[in-house]
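Okay, here's what each chain looks like letter by letter:
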Amino acid sequence: MFSVVQISDSHVSPRITHFNANWEAARALLPRLSPDLIVHTGDATLDGADMEADCAMAAAGLADLPAPLRVVPGNHDVGDLGAATQPPTAARIARHERHFGPCVWTEDRPGWRLLGLNSQVIGAGDGGDEAQRAVIEEVIATLGPRRLAVFLHKPMFLDAVEEGPVGYWAVPPDVRAPVRRLLDHPNLRLVASGHLHIARLTTHGPATVAWCPATSFTLGGKLMADARGGDRRLGVMRHVFREDSVETEVIAIPDSRHLVLDDMIDEIYPPAPAAAGS
Ligand SMILES: [Fe+2]
Ligand SMILES: [Fe+2]
């Protein structure tokens, strides 16, 4: 048995500081959870896609955690596929890796393989996308009897693998083929993501589908009309890996303050369109 604490969407910055205190509160919680591994599922920065200082601050806050750390990038860290102003370029990804380590990684533990993916390049059709597809195939080819857990920023899907377009909120349906290879695998037991700033636990066959809440803020009804059955709350997630299953719980962050982006979007992400804040 081992445990992974998942943290997500801390959105820290030395320029726009609204969410830094909540990140410090989350950091203070981590030693009490005694994790064997910590995984940050992206948007560690407010605007690391363009601001080196945001990357530096987020990386400093992740440098002295009470367990080994893995990070996958979010849209605010490396950009977003199809975004006119911040596409996930090789330069942005290289900067992220300089601060946070590889965007795509595997961690083998007894009986388990953990896989971190860069959701921001799925479907890009470029070298990064192709390299990641090769990693996925290699992971599947060499998995053996191990169980599999996948971490990424954007959910692989929202409510159903076969759903139509869901815009900004998940890996686009027309490019889900690589993640379908993982979703279809009988050894998959966990898919853990961030990005929605919502806490939700559902299932996909024998796998838990975990939406980790943010440490920073939630989105209210103006920016996200439908919470899709999840909870608009802050927190972290603890995943306890057993022989053939994962037990997941949402843990509140003591001393955090529930901030709602709707009230401050014009200041935080100007002139972001309504759905561009998470
Ligand atoms: Fe995000
Ligand atoms: Fe976010």
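Above: the structure in question.
Residues numbered from 1 in each chain as written. Chains lettered and ligands numbered in written order. Predicted model: local features only at pLDDT ≥ 70, side-chain atom pairs only at ≥ 80, totals over all residues. Heavy atoms only, no water.

A. View of the packing of aromatic side chains. Throughout the structure, instances matching the rule amount to five aromatic pairs. Ring centres 4.6 Å apart and planes at 5 degrees place the aromatic pair Phe 2 and Phe 241 in the stacked group. Of this pair, Phe 2 sits in strand β1 (residues 2-7) while Phe 241 sits in strand β10 (residues 236-241), placing them 239 residues apart in sequence. A ring pair is formed by Tyr 168 and Trp 169, whose centres lie 4.9 Å apart and whose planes are at 85 degrees; its orientation type is edge-to-face. You'll find Tyr 168 and Trp 169 in the same group, each marked buried. Chaining the aromatic ring pairs together yields one cluster made of Phe 2, Trp 112 and Phe 241. Here Lys 154 stacks its cationic end above the ring of Tyr 168, 5.5 Å away from the centre of that ring. (Phe/Tyr/Trp six-rings, centres within 6.5 Å; stacked < 30°, edge-to-face > 60°. Helix = DSSP H or I, 4+ residues; strand = E, 2+ residues; numbered from the N terminus. Buried < 20%, exposed > 50% of the residue type's maximum accessible area, 1.4 Å probe, protein only. Lys NZ or Arg CZ within 6 Å of the ring centre and 35° of its normal.)

B. Expanded view of the side chain of His 197. The residue His 197 is located in the loop between β7 (188-193) and β8 (200-204) in this model. Engagement of the side chain of His 197 in a polar contact is seen with the side chain of Asp 9, the distance being 3.0 Å. Within polar-contact distance, the side chain of His 197 engages the backbone oxygen of Phe 217 at 2.8 Å. The residues contacting His 197, other than those within four sequence positions of it, are Asp 9, His 11, Ala 214, Ser 216, Phe 217, Thr 218, Leu 219, Arg 233 and Ser 278. (Polar contact = N/O pair within 3.5 Å; in protein donor to acceptor, adjacent residues only side chain to side chain. Contact = heavy atoms within 4.5 Å.)

C. Spotlight on the pattern of salt bridges. In this structure the tally under the stated criterion is 21 salt bridges. Residues Arg 27 and Glu 24 are paired through a salt bridge, measuring 3.2 Å at the closest nitrogen-oxygen approach. Of this pair, Arg 27 and Glu 24 are both found in helix α1 (residues 20-33), three residues apart, which corresponds to roughly one turn of the helix. Residue classification places Glu 24 among the partly exposed positions, given a relative accessible area of 42%. (Salt bridge = Lys/Arg side-chain N within 4 Å of Asp/Glu carboxyl O.)

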